[in-house]
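Residues per chain, in single letters:
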Amino acid sequence: MGADAGERRSGKAALVETVEAFGDEALRDVWLFDETGHEAMFVRDDVAAKIGEIDVDRFVDNERYGYVTRDTYDDLYYADYEYTVRGFDGFEKFRTFLSDADRKIGVFASFDRREGGYDFGALYEELTAVVDDHPVDSFAPE
């Protein structure tokens, strides 16, 4: 017999567990954001020290441009937008949107670079499965 809704883990917990399982010790951070707010769900200690030196609000605002580019990609291409990956010296950043017809919640995570890279398509599919089990509003940043 399956667990009822009260016994299931929260959407946010499921999301973080999914990203942690994907990235293992290479996971640097996981963030949720919407048009007005953001929430750090996980930040590794060494990354937290580096983030302390930047303007986090400005950093997250830059990710919000994804709302515009997502709509642009959906209008211009013959395929649906799924995710974006950007490479930096030492890490890679993944961003996608958890959405339903009414709401889009952004999520981004970064991972230490590794030889052979990552299968970000698989991560996207795993996150899509998490969203299928939880209302999109349950991922809204606090």
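These numbers were taken from a predicted model, which means no experiment stands behind them.

Student: Could you give an account of the side chain of K93, naming the residues involved and the relevant values?
Tutor: With respect to the helices and strands, the residue K93 is situated in strand β4 (residues 91–99). The exposure class assigned to K93 is buried, which follows from its relative accessible area of 4%. In this view, K93 contacts F59, E63, T84, V85, R86, F88, F108, A109 and S110; residues no more than four positions away in its chain are not counted.

Student: Summarise the confidence of the model for the chain; cite the residues concerned and give the values.
Tutor: In low-pLDDT regions, the fine details of the predicted coordinates are not to be read closely. In this model, the chain carries an average pLDDT of 87, and 89% of its residues clear a pLDDT of 70 or more. Taken element by element, the chain is modelled with least confidence in helix α3 (residues 56–76), mean pLDDT 72, and with most confidence in helix α1 (residues 11–23), mean pLDDT 97. Between residues 1–7, whose pLDDT stays under 50, and residues either more than four places distant or in other chains, the model counts one contact.

Student: For the sheet that holds strand β3 (residues 83–88), give the residues involved together with the corresponding values.
Tutor: Reading across the sheet, the five strands line up as β2-β1-β5-β4-β3 and stay open at both edges, with antiparallel pairing between neighbours. The sheet is open, and its two borders are formed by β2 (38–43) and β3, each paired with just one other strand. Averaged over all pairs of adjacent strands, the angle between strand axes in this sheet comes to 15°, irrespective of strand direction. Of the strand pairs in this sheet, strand β1 (residues 27–33) and strand β5 (residues 104–112) are connected by six bridges, and their pairing is antiparallel. The partner of D29 across the bridge, within β5, is S110. Contacting β1, β2, β4 and β5, α1 crosses the sheet at an angle of about 150° to β1. Across the sheet, helix α4 (residues 120–132) touches β3, β4 and β5, and the angle it forms with β4 is around 30°.

Student: Quick rundown of the packing of α1 against α4? Include the residues and the values.
Tutor: Contact geometry of α1 with α4 gives a least axis separation of 10 Å together with a crossing angle of 160°. Viewed along their axes, α1 and α4 adopt a mutual orientation that is roughly antiparallel. For α1 against α4, the interelement crossing comes out right-handed. Here G11, A14, L15, T18, V19 and F22 of α1 come into contact with α4, specifically with F120, L123, E126, L127 and V130.

Student: Before we move on, can you summarise the side chain of E39 with the specific residues and values?
Tutor: Structurally, E39 is set in strand β2. Using a relative accessible area of 17% as the deciding quantity, one classes E39 as buried. Residues within four places of E39 in sequence aside, it is in contact with K12, V30, W31, L32, A140, P141 and E142.

About the cut-offs
Residues numbered from 1 in each chain as written. Predicted model: local features only at pLDDT ≥ 70, side-chain atom pairs only at ≥ 80, totals over all residues. Heavy atoms only, no water. Helix = DSSP H or I, 4+ residues; strand = E, 2+ residues; numbered from the N terminus. Buried < 20%, exposed > 50% of the residue type's maximum accessible area, 1.4 Å probe, protein only. Contact = heavy atoms within 4.5 Å. pLDDT = per-residue confidence, 0-100. Pairing = 2+ DSSP bridges. Axes fitted to C-alpha atoms, helices over the stretch in contact; angles between N-to-C directions. Parallel < 35°, antiparallel > 145°, perpendicular 65-115°, else oblique. Left-handed = near helix turned anticlockwise from the far one by under 90°.

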